[in-house]
Amino acid sequence: MAYDYDVIVIGGGAAGLTAAGLSATLGAKAMMVESEKLGGDCTWYGCVPSKTLLKASKVAHHIRRGATYGLVNGDLQFSFERLMAHVHRVREEIYEDADKPENFEKLGVEVKSGHARFVDAHSIVVEGHNGGRYTARYFVIATGAKAFVPPISGLADVNYLTNESLFELKEQPDRLAIVGGGPIGTEMAQAFARLGTRVAVIDMLDRILSKDDPEASEIMAGVLARDGVEFVLGAGVDSVGSAGSEIVVQLSGNNNRSQVRADALLMATGRRANIAGLNLEAAGVATDKGGVTVNDRCRTNRRHIYAVGDVTGRYQFTHMSEHMSKIAITNALLKVPMKIDRKHVPWVTFTDPEVAHVGASADELKKSGKKFTTYRFPYTKVDRAVTESEVDGFIKVYAKSSSGRIYGVDIVGASAGELISEYAVAMRNGLSLRKISDTIHPYPTYGLGARRAADQWYVQKQSPTLVKILKAIFRYRGPVLEFGPGDIL
């Protein structure tokens, strides 16, 4: 059968852009369909605007604490409208540079604007001003996800915010309530608090950043509290109402607070896959509560239909959307049986300090019965952190004591998002702590902290006599191992 296209990609976010661009680069006749604007959630509602706002709030924070650096504390004055205009300019700049249709049309990708729905296993209809019916040998579903808002009594009657509307605010709220203590909730809590908004974070759990290391969570809770963020933890939301211009959040479960009053309410309660209207039933594509069901090759139950990114519900990170797209297109067009790299998925929460993770957590390793040693190195011993007064944090490496094989890493601290990449490369390529310790790292850098953490494994493997000689010669500084005074210090 002759098809109109080799590959049709449905969705023009990070996953779709990667899939369409790679398809065209490999010589396939490709079409990409997007119902809104190319760039998707990351460019317009997620990574780009949130990190731009976080940077502005960090600058504001440094202005206020100039005395920390031997300067004078500044009096912060700014226009919220002007700040948000800056956020919008950055979004447009990235869109113009990387995401606009012309960039992909130059690669040979035909871009259609409209809503796509399947009519059978090899055909879709695009509803839009330049729509029609099209067939393809392969399909890639990359429609992403959208903010999930739980059914809460009275919520629909107030003008609540999600990440899709937050960056369209015209006025800065005096008081902001945030439901959800995950990455989005904590990042935006810090950003608005540092800009002068009184922020309260509400979460049902007893700690924020529940998927990260408990000690990292504790450190971040302390930092955010210093920034002025109030935490109402172990609290459910019973209902939401209004009292004049106020939004009133009624709580349950927390013994100290029965309600939170605010001028604005941000719902940071997770995301759900965008599959409505795709008519996946017509193509026979299976779904579950997380989204489109795929295997580790990103293939659905239909061999010629793939799904990538947030729509699968597997990993809601832009970098994993791109990774999955490469896996899908490589399998479909090159017939190379690549699989998702599930063991080395890094993630970062871009608070200040940052929180980063890759590999297995300490709890996962304990539950699996795998023997490991924790090599912990504090930021107070990272000279670059000391010079910049950024000493909150640590590096924790979970590794095999005998060989130095790395199982997982947790970092909280300045530039943690950059540091975690070194460990991701090491784990992916089987590099041990010895290899990191033997590699020259420039001084003074945050990256040197990674080597110093690896040094602890290296020194632990040597004889006590040799260690004493090395310490005398090189004046080795810092604690060696987390697990006690009986070890080399």
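An account of the accompanying structure is given in this report. (Residues numbered from 1 in each chain as written. Predicted model: local features only at pLDDT ≥ 70, side-chain atom pairs only at ≥ 80, totals over all residues. Heavy atoms only, no water.)

### Points about the packing of helix H13 (residues 416–428) against helix H15 (residues 447–460)
Between H13 and H15, whose axes approach to 9 Å, the crossing angle comes to 45 degrees. Between H13 and H15, the interaxial angle falls into the category oblique. When the axes of H13 and H15 are compared, the crossing they make is right-handed. Residue-level inspection shows Leu419, Glu422 and Tyr423 of H13 in contact with H15, the latter providing Gly447, Ala450 and Ala453. In the contact of H13 with H15, the residues fall into 4 nonpolar, 1 polar and 1 charged. (Axes fitted to C-alpha atoms, helices over the stretch in contact; angles between N-to-C directions. Helix = DSSP H or I, 4+ residues; strand = E, 2+ residues; numbered from the N terminus. Parallel < 35°, antiparallel > 145°, perpendicular 65-115°, else oblique. Left-handed = near helix turned anticlockwise from the far one by under 90°. Contact = heavy atoms within 4.5 Å. Nonpolar A, V, L, I, M, F, W, Y, C, P; charged D, E, K, R; others polar.)

### Overview of a nonpolar patch on the surface
Side chains of Leu26, Leu334, Val336 and Met338 sit close together on the surface and give an oily, nonpolar patch of about 310 Å² of accessible area. As for its position among the elements, leucine 334 is in helix H10 (residues 318–334). What makes leucine 334 partly exposed here is its relative accessible area of 46%. (Patch = residues over 30% accessible without salt bridge, like charges linked within 9 Å, V, L, I, M, F, W, Y side chains within 5 Å. Areas by Shrake-Rupley, 256 points an atom, 1.4 Å probe, with all protein chains shown as cover. Salt bridge = Lys/Arg side-chain N within 4 Å of Asp/Glu carboxyl O. Buried < 20%, exposed > 50% of the residue type's maximum accessible area, 1.4 Å probe, protein only.)

### Comments concerning the sheet that holds strand E21 (residues 373–378)
Sheet architecture is open: 5 strands sit in the order E19-E20-E23-E22-E21, paired in antiparallel fashion. The sheet is open, and its two edges are formed by strand E19 (347–349) and E21, each paired on a single side. Taking each pair of neighbouring strands and ignoring which way they run, the sheet shows an average axis angle of 10 degrees. Where E21 and strand E22 (residues 394–399) come together, 6 bridges link them in antiparallel fashion. (Pairing = 2+ DSSP bridges.)

### Examining the environment of valine 87
Locating valine 87 in the fold gives a position in helix H4 (residues 80–99). Exposure remark for valine 87: the relative accessible area of 0% places this residue in the buried category. Taking the C-alpha atoms as reference points, valine 87 and proline 49, separated by 38 residues in sequence, lie 5.6 Å from one another. Those residues within four positions of valine 87 in sequence are excluded, and the remaining contacts are Pro49, Thr52 and Leu53.

### Quick word on the nonpolar core
With 34 residues, the main nonpolar core has Leu53, Leu166, Ile178, Met188, Phe192, Val199 and Met220 as its most contacted residues. At the level of secondary structure, the elements contributing two or more residues to this core comprise helix H3 (47–64), H4, strand E8 (175–179), helix H7 (183–194), strand E9 (198–203), helix H8 (214–226) and strand E14 (264–267). The element contributing the most residues to this core is H7, with 5 residues. Residues in contact with methionine 188, not counting those within four places in the same chain, are Ser50, Leu53, Leu54, Leu166, Phe167, Ile178 and Leu266. (Core = buried A, V, L, I, M, F, W, Y, C linked by side-chain atoms within 4.5 Å.)

### Concerning the sheet that holds E8
One open sheet accounts for 4 strands, arranged E10-E9-E8-E14; its pairing is parallel. Each edge of the open sheet is held by one strand with a lone partner, namely strand E10 (230–233) and E14. Adjacent strand axes in the sheet meet at a mean angle of 20 degrees when their direction is disregarded.

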